Amino acid sequence: MTSSKGLEGVVATQSAISSIIDDTLTYVGYDIDDLAVNASFEEVIYLLWHQRLPKADELVELKQQLADNMAVPQAVLDHFKTYDIKHVHPMAALRTAVSMLGLFDEEAEVMEPEANYRKAIKIQAKISTLVTAFGRIRNGQEPVAPKTDLSFAANFLYMLSGELPEAIEEEAFNKALVLHADHELNASTFTARVAVATLSDVYSGVTAAIGALKGPLHGGANEQVMKMLTEIGSVDNVETVINEKLANKEKIMGFGHRVYRKGDPRAKHLRDMSQKLTKIRGEEKWYDMSVKIDEIVTGQKNLPPNVDFYSASVYHSLNIEHDLFTPIFAVSRTSGWLAHILEQYSNNRLIRPRAEYIGPGMQTYVPVEER
Ligand SMILES: CC(=O)SCCNC(=O)CCNC(=O)[C@H](O)C(C)(C)COP(=O)(O)OP(=O)(O)OC[C@H]1O[C@@H](n2cnc3c(N)ncnc32)[C@H](O)[C@@H]1OP(=O)(O)O
Ligand SMILES: O=C([O-])CC(=O)C(=O)O
């Protein structure tokens, strides 16, 4: 038995949700370049969950269902006040909060497809409320109730800041949500599928996925990108700092990918938004620094930026606190996780690979006093 480290190149399941072929990403056959320019996040949610775009009335219905389900139990919000919130990573808080949501859902253990679909709506609707409420409560502010006539993207920004977003902010945030929604069998989606393939419940699947997304080699990289940009501080410092990191064999966050070779097709959309938004904010340095880092890393290492690189300066330009970047990724990717969870249930088999054993051969037990 031989193993593939990190399961590289292993095809572990079939899926009709998204595909990456020759560096082209599609959701249900729609090119991400097309969706990024034209689709609302709500349409993408429907697309991923139903494997087709919604008709007008179906979209209205989904928006209404999401709006109707945004409130979270007060006890879950109160839980944010039971620990030292300023010293807790928001992804850790989100992981626990989503798990807690399951405790208040009387259908949590009901495994009928209709009940699982209802849970998908509830989780997708409530995750925005959780992230924005966390962001406010830790700053001593009260959570802001959603405005049900706003889009998913606008509502998130409204609930976070308490102010209605400008059109360009809503457009940029919607695009970011669309771009992050699904990505074939990435680590967190795989985690979700493994969890529910035991026929565990939907909340367990999403909670497990949040834990996997949190790490800096996956979704956590966007926060680390902003940390790096902040540490570098100015365009003049880029060359020295990046060359030193490369010489020390340090990984540059936001670069490289297990699957893409020529480049991540999502990055250019985020790059364009970063350019636009940093200019509007009068903070072009974040974009300029990012471009220079990109030139060096891509030029020297042939490692193009991934989705996490330019999203950092986009979110920063939307006045979002840096440790909320990964929770925002989770808000979007929840749509993909849920699509994969529903797909896994619909044609389930336990996921249980093998390990190539490399430990000692057969040994004989020796009592503790004789060792
Ligand atoms: C949404 C997402 O999850 S996108 C990915 C987000 N993560 C990051 O941006 C973190 C930085 N990137 C990385 O760590 C990696 O590129 C990953 C985790 C994305 C992919 O990892 P893998 O496919 O396992 O590649 P692996 O880590 O083995 O790297 C292969 C080689 O490229 C190098 N490399 C890969 N990424 C980077 C990087 N960002 N900076 C510098 N070198 C890198 C490795 O050091 C390794 O070099 P070596 O062969 O000389 O040892
Ligand atoms: O697919 C991956 O390995 C990581 C990634 O880009 C994503 O999850 O969006």
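Refer to the preceding data block for the structure.
Model, not experiment: these values are computed from the prediction.

Basis of the calculations
- Residues numbered from 1 in each chain as written.
- Chains lettered and ligands numbered in written order.
- Predicted model: local features only at pLDDT ≥ 70, side-chain atom pairs only at ≥ 80, totals over all residues.
- Heavy atoms only, no water.
- Axes fitted to C-alpha atoms, helices over the stretch in contact; angles between N-to-C directions.
- Helix = DSSP H or I, 4+ residues; strand = E, 2+ residues; numbered from the N terminus.
- Parallel < 35°, antiparallel > 145°, perpendicular 65-115°, else oblique.
- Left-handed = near helix turned anticlockwise from the far one by under 90°.
- Contact = heavy atoms within 4.5 Å.
- Nonpolar A, V, L, I, M, F, W, Y, C, P; charged D, E, K, R; others polar.
- Pairing = 2+ DSSP bridges.
- Near = heavy atom within 4 Å.
- Polar contact = N/O pair within 3.5 Å; in protein donor to acceptor, adjacent residues only side chain to side chain.
- Areas by Shrake-Rupley, 256 points an atom, 1.4 Å probe, with all protein chains shown as cover.
- Salt bridge = Lys/Arg side-chain N within 4 Å of Asp/Glu carboxyl O.
- Buried < 20%, exposed > 50% of the residue type's maximum accessible area, 1.4 Å probe, protein only.
- Phe/Tyr/Trp six-rings, centres within 6.5 Å; stacked < 30°, edge-to-face > 60°.

Draft legend 1. Main features of the packing of helix α11 (residues 221-232) against helix α16 (residues 325-346). Relative to each other, α11 and α16 sit at 150°, their axes nearing to 7 Å. As far as their axial angle goes, α16 and α11 are roughly antiparallel. Crossing angle aside, the handedness with which α11 passes α16 is right-handed. Of α16, the residues touching α11 (which contributes N222, E223 and M226) are F325, T326 and F329. Within the contact of α11 with α16, the residues separate by chemical class into 3 nonpolar, 2 polar and 1 charged.

Draft legend 2. Local environment of the pairing of strand β2 (residues 24-27). By the bridge criterion, 4 bridges tie strand β1 (residues 18-21) to β2 in an arrangement that is antiparallel. The partner of I21 across the bridge, within β2, is T24. Where β1 folds back on β2, the antiparallel hairpin that results is connected by 2 residues, among which D22 adopts a positive phi of roughly 50°. Pairing geometry for β2 and strand β3 (residues 30-31), over 2 bridges, is antiparallel. Along β3, the bridge assignment pairs Y27 with Y30. In sequence, β2 turns back onto β3 through a hairpin of 2 residues, with V28 there showing a positive phi of about 50°.

Draft legend 3. Structural detail: the site of ligand 1. Residues in close proximity to ligand 1 total 18 residues, the closest being H218, K251, I252, G254 and R258. Within the side chain of K251, an N or O atom sits 2.6 Å from an oxygen atom of ligand 1. G254 places a polar main-chain atom, nitrogen or oxygen, 2.8 Å from an oxygen atom of ligand 1. Expressed as a share of its isolated accessible area of 900 Å², the protein-covered part of ligand 1 is 66%. Residue classes in the shell around ligand 1 are distributed as 9 nonpolar, 5 polar and 4 charged.

Draft legend 4. Focus on the pattern of salt bridges. Here the structure, examined in full by the defined rule, presents 14 salt bridges. With a closest N to O distance of 3.4 Å, E107 and K122 form a salt bridge. Within this pair, whereas E107 is found in the loop between α5 (90-103) and α6 (113-137), its partner K122 is found in helix α6, the two being separated by 15 residues in sequence. Look at K122 and you get buried, because its relative accessible area is 15%. With a shortest N-O distance of 2.8 Å, R266 and D264 are connected by a salt bridge. According to the relative accessible area criterion, R266 is buried, its value standing at 2%. Counted as one network, the salt bridges with shared partners bring together D105, E107, R118 and K122.

Draft legend 5. The site of ligand 2, seen in detail. In the vicinity of ligand 2, the contacting residues are H183, N186, H218, H257, R266, F329 and R333. Within the side chain of H183, a nitrogen or oxygen atom sits 2.7 Å from an oxygen atom of ligand 2. A distance of 2.7 Å separates an oxygen atom of ligand 2 from a polar atom in the side chain of H257. Coverage of ligand 2 by the protein chains reaches 84% of its 270 Å² of free accessible surface.

Draft legend 6. Quick look at the packing of aromatic side chains. What the rule picks out here adds up to 8 aromatic pairs. Measuring from ring centre to ring centre gives 5.7 Å for W49 and Y117, while their planes differ by 85°; the resulting arrangement is edge-to-face. On the criterion of sequence distance, the pair formed by W49 in helix α2 (residues 41-50) and Y117 in helix α6 is long-range, its members being 68 residues apart. Ring centres of F80 and F134 lie 5.4 Å apart, and the angle between their planes is 85°; on these two criteria the pair is classed as edge-to-face. Placement of the pair is F80 in the loop between α4 (74-79) and α5 and F134 in helix α6, with a sequence separation of 54 residues. A relative accessible area of 2% means that F80 is categorised as buried.

Draft legend 7. Quick look at the side chain of S18. Along the chain, S18 falls in strand β1. A distance of 2.6 Å separates a polar atom in the side chain of S18 from a polar atom in the side chain of D182. Separated by 2.7 Å, the side chain of S18 and the backbone nitrogen of E184 make a polar contact. Ignoring any residue separated from it by four or fewer positions in sequence, one finds S18 in contact with T26, Y27, V28, D182, H183 and E184.

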